[in-house]
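# Architecture at a glance
Here are the chains, one letter per residue:
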Amino acid sequence: MKKRRKFIFVCSGSDCKSNGAKNFAGKIKQILHEGEFRGKFKMVKTKCMDCCKSGPVAVVNNQLIKKADLDQLISELKED
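Since the structure is predicted, the reported quantities are computational estimates derived from the model, not experimental observations.

## Points about a positive patch on the surface
Taken together, Arg 5, Lys 17, Lys 22, Lys 29, Lys 42, Lys 45 and Lys 47 make up a surface patch of like positive charges. Those elements giving two or more residues to the positive patch turn out to be helix 2 (21–32) and strand 2 (41–46). The topology assignment puts Lys 29 in helix 2.

Put into structure tokens, the structure is as follows:
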């Protein structure tokens, strides 16, 4: 049976947008199209996740990634 892709949820609420969520989502998309992560994950844009002061945020493996921390995001992706 084919292994299913895991989801990465990225907030696209107004506070996160004003803090750079569009750029953050673009970087995540670029990471997901590279080597070891290609085809394993799917990015989903969501409405507000109610973490406005920590934005932009993403959720990977039930872990909240705050302040567009790409290093933490990559670390969480590698745990799979």
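The rest of the description comes next.
## Description of the nonpolar core
Nonpolar side chains in soluble globular proteins generally cluster together in the buried interior. Ile 8, Val 10, Ile 28, Leu 32, Ala 58, Leu 73 and Leu 77 are the most contacted members of the largest nonpolar core, which totals 15 residues. Listed by contribution, the elements that provide at least two residues to this core are strand 1 (6–11), helix 2, strand 2, strand 3 (58–60) and helix 3 (70–78). It is helix 2 that contributes the most residues to this core, 5 residues altogether. In this view, Ala 58 contacts Ile 8, Phe 9, Val 10, Phe 24, Ile 28, Gln 63, Leu 64, Ile 65 and Leu 73; residues no more than four positions away in its chain are not counted.

## Details of the sheet that holds strand 4 (residues 63–65)
What the 4 strands build is an open sheet, ordered 2-1-3-4; its pairing is mixed. Single-partner strands in this sheet number two, and they are strand 2 and strand 4. Strand-to-strand twist of the sheet, defined as the mean angle between neighbouring strand axes without regard to direction, takes the value 25 degrees. Across 3 bridges, strand 1 lies against strand 3 in antiparallel orientation. Among the inter-strand pairings, Val 10 is bridged to a residue of strand 3, identified as Ala 58. In the packing of helix 3 onto the sheet, contacts are made with strand 1, strand 2, strand 3 and strand 4, and the angle to strand 4 comes to roughly 150 degrees.

## Observations concerning the layout of surface pockets
Of the pockets and cavities examined, the second largest pocket occupies roughly 170 Å³. Contributing to the lining of the second largest pocket are Arg 5, Lys 29, Leu 32, His 33, Arg 38, Gly 39, Phe 41, Lys 42 and Met 43. Those elements that place two or more of their residues in the lining of the second largest pocket are helix 2 and strand 2. Looking at which element gives the most residues to the lining of the second largest pocket, the answer is strand 2, with 3 residues. When grouped by side-chain class, the residues that make up the lining of the second largest pocket number 3 nonpolar, 2 polar and 4 charged.

Conventions used here
- Residues numbered from 1 in each chain as written.
- Predicted model: local features only at pLDDT ≥ 70, side-chain atom pairs only at ≥ 80, totals over all residues.
- Heavy atoms only, no water.
- Patch = residues over 30% accessible without salt bridge, like charges linked within 9 Å, V, L, I, M, F, W, Y side chains within 5 Å.
- Areas by Shrake-Rupley, 256 points an atom, 1.4 Å probe, with all protein chains shown as cover.
- Salt bridge = Lys/Arg side-chain N within 4 Å of Asp/Glu carboxyl O.
- Lys, Arg positive; Asp, Glu negative; His and termini not counted.
- Charge placed at Lys NZ, Arg CZ, Asp CG, Glu CD.
- Helix = DSSP H or I, 4+ residues; strand = E, 2+ residues; numbered from the N terminus.
- Core = buried A, V, L, I, M, F, W, Y, C linked by side-chain atoms within 4.5 Å.
- Buried < 20%, exposed > 50% of the residue type's maximum accessible area, 1.4 Å probe, protein only.
- Contact = heavy atoms within 4.5 Å.
- Pairing = 2+ DSSP bridges.
- Axes fitted to C-alpha atoms, helices over the stretch in contact; angles between N-to-C directions.
- 1 Å grid on protein atoms, 1.4 Å probe; cavity = no way out; pocket = protein on both sides within 12 Å on 5 of 7 lines; lining within 4 Å.
- Points joined across faces, edges and corners; volume = space filled by probe spheres on them.
- Nonpolar A, V, L, I, M, F, W, Y, C, P; charged D, E, K, R; others polar.

Purely geometric numbers; function is a separate question.
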